[in-house]
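Per-entry structural report
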Amino acid sequence: SQTIHQWPATLVQPVGSPLSLECTVEGTSNPNLYWYRQAAGRGLQLLFYSVGIGQISSEVPQNLSASRPQDRQFILSSKKLLLSDSGFYLCAWAGGSGRAMNTEAFFGQGTRLTVV
Amino acid sequence: QKEVEQDPGPLSVPEGAIVSLNCTYSNSAFQYFMWYRQYSRKGPELLMYTYSSGNKEDGRFTAQVDKSSKYISLFIRDSQPSDSATYLCAMSGGSNYKLTFGKGTLLTVNP
């Protein structure tokens, strides 16, 4: 069965510090990978998605970047955090292993980031 | 017009009630429709997945898709306090691999 791991669960970082959130998927190959941010009352905002190694599409210009160094690893980064980067970050995967790309997505448990 | 509209609620019902949650959308390319349940401070959990129009039932949950009206629904029968959560609709389709979400409806089932 497929599983998705996302860590850390919570993170408190000072303004101006770097950020690295990691997400890995097991049990499938070549999945689509997604990073979302969820703010209260604003729903899920798609930040980045990737359909393959090294392929990153950015949805919203911002202080964040994403990388996919391996097939089942997706990393969200920032060189200098802003207060406005605080939020609940969610990694998700879909498709993979020969399945159609437009299938249901499965989420990790999220990282609650507080920038102070 | 937003691609997906979902009434944020909050919605409060007594235990045992039938709950109806709805989303409308504007993109006719959407063909895949999902409902997620999200408990506080947790990641969304997939509840129902349907392709194109029609109904799908899973236990107390029924998902309906009406593509002609661009309207999807989730019904919860015999609602339980454990159903209290935020419910998110999501959809995708065409050559676009992105999921588009509604903002979620906060449901509280009172014992």
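The structure this text deals with has already been given above.
Attention in this report is confined to the structure presented alongside it. (Residues numbered from 1 in each chain as written. Chains lettered and ligands numbered in written order. Predicted model: local features only at pLDDT ≥ 70, side-chain atom pairs only at ≥ 80, totals over all residues. Heavy atoms only, no water.)

The next thing to look at is the sheet that holds strand β6 (residues 54–58) of chain B. Residues and elements named next belong to chain B. The 5 strands lie next to each other as β1-β3-β8-β7-β6, forming an open sheet whose pairing is antiparallel. Two strands close off the open sheet at either side, each with one partner strand: β1 (4–6) and β6. The average undirected angle you get between the axes of adjacent strands in this sheet is 15°. Pairing analysis gives 6 bridges linking strand β3 (residues 19–25) to strand β8 (residues 71–76), with the strands arranged antiparallel. (Pairing = 2+ DSSP bridges. Helix = DSSP H or I, 4+ residues; strand = E, 2+ residues; numbered from the N terminus. Axes fitted to C-alpha atoms, helices over the stretch in contact; angles between N-to-C directions.)

Attention shifts here to the pattern of salt bridges. Residue and element names in this part refer to chain A. Under the criterion given, the structure shown has 5 salt bridges over all chains. Between Arg-37 and Asp-85 there is a salt bridge, with its nearest N and O atoms 4.0 Å apart. With Arg-37 in strand β4 (residues 32–39) and Asp-85 in the loop between β8 (73–78) and β9 (87–94), this residue pair connects regions lying 48 residues apart in the sequence. Taking the shortest distance from any N to any O, the salt bridge between Arg-68 and Asp-71 comes out at 3.2 Å. With a relative accessible area of 3%, Arg-68 lands in the buried category. (Salt bridge = Lys/Arg side-chain N within 4 Å of Asp/Glu carboxyl O. Buried < 20%, exposed > 50% of the residue type's maximum accessible area, 1.4 Å probe, protein only.)

With that settled, consider the state of the cysteines. All names here are of chain A. Going through the model one piece at a time under the given rule, you end up with 2 disulfides over all chains. In this model, Cys-23 is linked to Cys-91 through a disulfide, with the two sulfur atoms separated by 2.0 Å. Taking the sign of the torsion about the S-S bond as the criterion, the disulfide between Cys-23 and Cys-91, at about -75°, is left-handed. Separated by 68 residues along the polypeptide, Cys-23 in strand β3 (residues 19–26) and Cys-91 in strand β9 bring together distant segments of the chain. Accessibility classification places Cys-23 together with Cys-91 in one group, the buried group. (Disulfide = S-S within 2.5 Å.)

This next bit is on the environment of Gly-52 of chain A. Residues and elements named next belong to chain A. On the secondary structure map, Gly-52 appears in strand β5 (residues 43–52). Along the backbone, Gly-52 and Ala-9 are 43 residues apart, and their C-alpha atoms lie at a distance of 25 Å. The residues contacting Gly-52, other than those within four sequence positions of it, are Asn-30 and Arg-68. (Contact = heavy atoms within 4.5 Å.)

Attention shifts here to the interface of chain B and chain A. Each partner contributes to the interface: chain B provides 20 residues, whereas chain A provides 24 residues. Between chain B and chain A, roughly 1800 Å² of surface is buried when both sides are summed, and carbon and sulfur atoms account for 58% of that area. Put simply, the parts of the chain that give the side of chain B that touches chain A at least two residues each are β4 (32–38), β5 (45–51), β9 (85–93) and β10 (96–101) of chain B. At 5 residues, β10 of chain B tops the list of elements feeding residues into the side of chain B that touches chain A. (Buried area = accessible area lost by both parts, 1.4 Å probe.)

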